[in-house]
Every structure is written in structure tokens, then in C-alpha cells.
Amino acid sequence: MRGSVTNAAIGAVVTIALSFIPFSSIAGGAVAAANHGGGYRAGLWLGTLAGVCAMVPLLALFIPALYIAGLLGFGIPPGAPGYDLFLALVFAFFLLYTVGLSALGGLGGVWISVHTSWDLDADRWL
């Protein structure tokens, strides 16, 4: 279990470090699963765990940015009647983007480690 958490943390660090690149969650999940090894179920679990670990610090930046964007007139202003529904939809998309794509990357990381000779060991390049 300790190795799983360590690999998920490495995947979360990769996701956060590459967060300026679109779909960086896929890379984080792939690194976490490829480092751990195992089957597709383990890769899916590690990718999901890496996405959840990456979601916490990204959410700490995302919430104030969403509030400031609302105050500047983008989206729905914070005092509008549909603001709660807007926040729920935005959070659902954020969750799907961060955790869902990281889980998909976990599956891809297992596929890469099984079907290719690529070395995605994070110790080599971190």
C-alpha cells in the first residue's frame, strides 16, 4: 500500500508540474501506473488516486480564480440565482477532467509498460 501511495504522489506531482499543458492529468496517471506495475485494475486505481491527490492543490487555485472571473463578468456572477448550479457543473467538469483523465492515463501507463520497451521510471528523470 505504501508503494501505491508513493507512486500516486509521484503522478500527482507530474500532473501539477505539467498543469500548464492541456491534459496533463493523463501523463500523471500514466507515470503513476507505469512505476507501480501490475494489471489494468491496479493502473486504474493508481491513476484515480493520483488524480485525487493532484485535485486538492489544483482546486485551491481553481476556486479563487473562478470567483474572480465571476466578479469580472465572465460566467455567472456570484450573486445570480443559478450560481450554485453553475458551481456544481463547473466542479463536476473539473473532477471529470482531473480525476477521470488521470484514471485513463493509469490505464495507458499499464498498456505502455506491458506493450512497449519505454522506460517511464520517474526516479530516472525526477
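Preceding this section is the structure that the text describes.
Residues numbered from 1 in each chain as written. Predicted model: local features only at pLDDT ≥ 70, side-chain atom pairs only at ≥ 80, totals over all residues. Heavy atoms only, no water.

A cluster of nonpolar residues, Tyr-67, Ile-68, Leu-71, Leu-72 and Phe-74, forms a patch on the protein surface that exposes about 580 Å² of accessible area. By the secondary structure assignment, Tyr-67 is in helix α3 (residues 40–71). (Patch = residues over 30% accessible without salt bridge, like charges linked within 9 Å, V, L, I, M, F, W, Y side chains within 5 Å. Areas by Shrake-Rupley, 256 points an atom, 1.4 Å probe, with all protein chains shown as cover. Salt bridge = Lys/Arg side-chain N within 4 Å of Asp/Glu carboxyl O. Helix = DSSP H or I, 4+ residues; strand = E, 2+ residues; numbered from the N terminus.)

A few words on the packing of α3 against helix α4 (residues 83–115). Between α3 and α4, whose axes approach to 7 Å, the crossing angle comes to 145 degrees. In this structure, α3 meets α4 at a crossing whose hand is right-handed. For the contact of α3 with α4, the per-class residue count stands at 22 nonpolar, eight polar and no charged. (Axes fitted to C-alpha atoms, helices over the stretch in contact; angles between N-to-C directions. Left-handed = near helix turned anticlockwise from the far one by under 90°. Nonpolar A, V, L, I, M, F, W, Y, C, P; charged D, E, K, R; others polar.)

When two helices pack together, you describe them by how their axes are tilted relative to each other and by the distance separating the axes. At a minimum axis distance of 7 Å, the contact between helix α1 (residues 2–17) and helix α2 (residues 24–36) shows a crossing angle of 155 degrees. Between α1 and α2, the angle falls in the class roughly antiparallel. Classified by chirality, the crossing of α2 by α1 is right-handed. Between α1 and α2, the contacting residues are Gly-3, Ser-4, Asn-7, Ala-8, Ile-10, Gly-11, Val-14 and Thr-15 on the first element and Ser-24, Ser-25, Ala-27, Gly-28, Val-31, Ala-32, Asn-35 and His-36 on the second. For the contact of α1 with α2, the residue count by class is six nonpolar, ten polar and no charged. (Parallel < 35°, antiparallel > 145°, perpendicular 65-115°, else oblique. Contact = heavy atoms within 4.5 Å.)

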